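# Observations on chain architecture
Letter by letter, the chains look like this.
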Amino acid sequence: MQAEINHNPRTHRFETKVDGVPCVLDYTLIDGVMTITHTIVPSAVGGRGIASNLVRTALDMARAEHWKVDPACSYSEIWMTRHPEYQDLHI
């Protein structure tokens, strides 16, 4: 079962809870560029694809909003490299 991911535009965060553990992706948004600054999935719930789902959800929103993406967090950079279907968003 995939956990629901919520977007909180006020705090520039995508968030979910898995087994009661908060998992987040933080970003900044300046001049139409989403900079992904952190993807945090605690080890207690790691290895379930949660970080991947957070990044995919953020990139899907960026695409819908016509934003470009700067994957400053190392996980998001690697993820984008492994998913060429999102390379058009990369600055």
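Heads up: the structure comes first, above all this text.
Residues numbered from 1 in each chain as written. Predicted model: local features only at pLDDT ≥ 70, side-chain atom pairs only at ≥ 80, totals over all residues. Heavy atoms only, no water.

What follows deals with the overall build of the chain. Of regular secondary structure, the chain possesses two helices and five strands. Scanning the chain from its N terminus toward the C terminus, one meets helices and strands in the order β-β-β-β-α-β-α. Its C-alpha radius of gyration of 12 Å places the chain within 12% of the 12 Å reference for a compact globule of 91 residues. Considering only C-alpha atoms, the chain reaches an extent of 35 × 30 × 20 Å along its principal axes. Looking at the chain residue by residue over its 91 residues, the buried ones come to 36%. Put simply, 39% of the contacts in the chain that link residues at least 6 apart link residues at least 24 apart. Distance between charge centres in the chain, computed from 8 positive and 11 negative side chains, equals 5 Å. (Helix = DSSP H or I, 4+ residues; strand = E, 2+ residues; numbered from the N terminus. Rg over C-alpha atoms; globule rule 2.2 N^0.38 Å. Buried < 20%, exposed > 50% of the residue type's maximum accessible area, 1.4 Å probe, protein only. Contact = heavy atoms within 4.5 Å. Lys, Arg positive; Asp, Glu negative; His and termini not counted. Charge placed at Lys NZ, Arg CZ, Asp CG, Glu CD.)

Another point: unusual backbone geometry. Notably, His12 is not glycine yet its phi reads approximately 55 degrees, a positive angle. Assignment of secondary structure puts His12 in the loop between strand E1 (6-8) and strand E2 (13-18). Non-glycine residue His66 carries a positive phi angle of around 65 degrees. Within the secondary structure, His66 is located in the loop between helix H1 (50-65) and strand E5 (68-70).

Their axes nearest at 10 Å, the elements H1 and helix H2 (residues 74-82) cross at an angle of 75 degrees. Between H1 and H2, the angle falls in the class roughly perpendicular. Of the residues in H2, those in contact with Ala51, Ser52, Val55, Arg56 and Leu59 of H1 are Tyr75, Ser76, Trp79 and Met80. Here the contact of H1 with H2 is built from residues that sort into six nonpolar, two polar and one charged. (Axes fitted to C-alpha atoms, helices over the stretch in contact; angles between N-to-C directions. Parallel < 35°, antiparallel > 145°, perpendicular 65-115°, else oblique. Nonpolar A, V, L, I, M, F, W, Y, C, P; charged D, E, K, R; others polar.)

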